[in-house]
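Take a look at the letters that make up each chain.
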Amino acid sequence: MTSTETGAGTAAGSGPPGLVLAIDAGNSKTDVAVVAADGRVTGAARGGGFRPPAVGVETAVDAVADAVRRAFAEAGVTSVGHVSACLANADLPVEEEQLAAALRARAWGAEVEVRNDTFAILRAGIAEPRGVAVVCGAGINCVGMRPDGRTARFPAIGRISGDWGGGWGLAEEALWHAARAEDGRGGETALARTLPAHFGLDSMYALIEALHLEHVPNARRHELTPVLFATAADGDPVARAIVDRLADEVVTMATVALNRLGLLAEETPVLLGGGILAARHPQLDDRVHELLAARAPKAVPRVVTAPPVLGAALLGLDRVRAQGEIHARVRAHYERG
């Protein structure tokens with residue numbers, strides 16, 4: 001589902017028709033672009049991360065506003081006809097509504113459409129709005145869409161919404177197994193050595209203490225995910241089992257989304273994005289392809305390499321019913337870069 005707000009009667013209504021402001025706002029960075037009616041990207045800028053749960057909606061939008069001001073200045077405009085915003089933390093319809101209202105209040109465009117940022121990765125990787133994307137970065141998410149407007153998605157809020165995976169989930173799982181291996185509650189695993197060694201420590205007990213007392217900042221836990229993959233690549237059975245579990249989760253989400261959209265029996269792209277999937281770890285990559293071939297034989301998996309802001313721009317062009325050559329010009333701009 002998406003949230004669309006129109007700006008009739010607002011200053012944004014004077015925005016040049018046919019222009020699109022594309023916003024891809026993730027947890028770590030924000031990219032914006034102004035697309036002219038002929039498909040030229042006339043302004044672009046990058047800003048910081050978009051984290052409404054941590055700083056509040058208005059402060060988060062302020063960070064986006066700085067990038068928008070710079071992109072507008074480069075493009076020589078003060079508003080646009082349509083704002084296509086793909087935002088991190090827009091996980092529920094009520095959040096989409098709140099964020100759409102906050103963007104509309106900035107008077108950047110006559111119409112505002114907000115989607116979860118996973119839709120940007122999906123649209124960036126497909127020629128038409130038809131397919132499924134699974135994103136695995138700090139967390140994990142999956143969305144799907146059809147040209148008729150139907151979508152499939154998950155709340156993707158964490159364990160309370162049934163999610164498992166992403167960098168944080170993998171690090172937590174690796175720590176759990178390593179701790180139990182060291183104290184005897186679990187089977188042996190090299191993770192009991194490789195995880196603490198990453199921080200220059202000699203035992204899991206020392207690492208547990210360092211994390212608990214924040215001698216090692218909580219934010220550094222994500223550094224353990226590459227250690228997990230390296231340990232798996234060295235043949236550790238426990239580490240390999242965790243990687244296989246992630247592959248199963250990725251394929252489960254993709255298969256459910258395909259089924260919801262009635263696409264299991266049709267050749268359909270399944271886009272894989274986010275830092276973990278884009279890294280193409282051999283065991284994970286091979287296992288995802290193997291499981292998809294078994295459960296969704298018509299699926300065509302591939303890793304997305306185009307920047308997500310391209311997807312936000314294409315979604316905006318879909319909305320204003322731009323012609324195919326306009327889409328092609330925008331895609332060429334980003335894919336040649």
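Please read all numbers here as calculations on a predicted model, not as lab measurements. (Residues numbered from 1 in each chain as written. Predicted model: local features only at pLDDT ≥ 70, side-chain atom pairs only at ≥ 80, totals over all residues. Heavy atoms only, no water.)

A. Layout of the sheet that holds strand β8 (residues 140-145). Pairing in this open sheet of five strands is mixed, and the strands run β9-β8-β7-β10-β11 from one edge to the other. Across the chains shown, the open sheet's two edge strands, defined by having one partner strand only, are β9 (151-153) and β11 (299-303). Strand-to-strand twist of the sheet, defined as the mean angle between neighbouring strand axes without regard to direction, takes the value 15 degrees. Relative to β8, strand β7 (residues 131-136) is paired through six bridges, and the arrangement is antiparallel. Note on β8: the bridge partner recorded for V134 is C142. (Pairing = 2+ DSSP bridges. Helix = DSSP H or I, 4+ residues; strand = E, 2+ residues; numbered from the N terminus. Axes fitted to C-alpha atoms, helices over the stretch in contact; angles between N-to-C directions.)

B. Spatial organisation of the side chain of D285. By the secondary structure assignment, D285 is in helix α11 (residues 282-295). Accessibility expressed as a relative area gives 12% for D285, which makes it buried. For D285, the side chain forms a polar contact with the side chain of R280, separated by 3.2 Å. (Buried < 20%, exposed > 50% of the residue type's maximum accessible area, 1.4 Å probe, protein only. Polar contact = N/O pair within 3.5 Å; in protein donor to acceptor, adjacent residues only side chain to side chain.)

C. Just α11, in detail. Taking 1.5 Å of rise per residue, the 14 residues of α11 would be expected to cover 20 Å, and the 20 Å separating its terminal C-alpha atoms lies within 8% of that figure. Buried positions along α11 lie against α8 (224-233), α9 (237-260), β10 (268-273), α10 (275-278) and β11. (Expected span 1.5 Å × (residues − 1). Contact = heavy atoms within 4.5 Å.)

D. Up close: the environment of D286. In this fold, D286 is placed in helix α11. Note: C-alpha distance between D286 and A247 (39 residues apart in sequence) is 8.9 Å.

E. Molecular detail of the pattern of salt bridges. Inspection of the entire model under this criterion finds 20 salt bridges. Two residues, R220 and E223, come together in a salt bridge whose shortest N-O distance is 2.8 Å. Judged by relative accessible area, R220 falls into the partly exposed class, the value being 34%. For the salt bridge of E335 with R331, the shortest nitrogen-to-oxygen distance reads 3.1 Å. Within this pair, E335 and its partner R331 are both found in helix α13 (residues 324-335), separated by four residues, close to a single helical turn. (Salt bridge = Lys/Arg side-chain N within 4 Å of Asp/Glu carboxyl O.)

F. Expanded view of helix α2 (residues 57-75). Over its 19 residues, α2 extends 26 Å from the first C-alpha to the last, a length consistent with the 27 Å expected when each residue adds 1.5 Å. A60, V61, V64, A65, A67, V68, A71, F72 and A75 are the residues of α2 that are buried. Its buried side turned inward, α2 meets β2 (20-25), β3 (30-35), β4 (41-47), α1 (52-55), β5 (80-87) and α3 (93-104). Backbone geometry just after α2 places G76 at a positive phi near 75 degrees.

G. The arrangement of unusual backbone geometry in detail. With a phi close to 55 degrees, A156 is a non-glycine residue in the positive phi region. Even without being glycine, R321 reaches a positive phi, approximately 60 degrees. Relative to the assigned elements, R321 resides in the loop between α12 (308-319) and α13. For R321, a relative accessible area of 70% puts it in the exposed group.

H. The pairing of strand β6 (residues 109-116), seen in detail. With seven of its eight residues buried, β6 lies for the most part within the structure. Here seven bridges tie β5 to β6, and the two strands are oriented parallel to one another. Of the residues in β6, the one forming a bridge with L87 is N116. Handedness of the β5-α3-β6 crossover: right-handed. (Right-handed = clockwise from strand over helix to strand, strands pointing away.)

I. Representation of the packing of α12 against α13 in the model. Two elements in contact, α12 and α13, have axes whose closest approach is 10 Å; the angle formed by their N-to-C orientations is 170 degrees. It follows from the interaxial angle that α12 and α13 lie roughly antiparallel. Here V309, L310, A313, L314, L317 and D318 of α12 lie close against α13, whose contacting residues are I326, H327, V330, R331 and Y334. (Parallel < 35°, antiparallel > 145°, perpendicular 65-115°, else oblique.)

J. Structural detail: the packing of α2 against α3. In contact at an axis separation of 10 Å, α2 and α3 are set at 55 degrees when each is read in the N-to-C sense. Taken together, the axes of α2 and α3 lie oblique to each other. The handedness of the crossing between α2 and α3 is right-handed. Residues V57, E58 and V61 of α2 form the contact with α3, whose participating residues are L99, A102 and L103. (Left-handed = near helix turned anticlockwise from the far one by under 90°.)

By themselves, these are just geometric observations and shouldn't be taken as functional.
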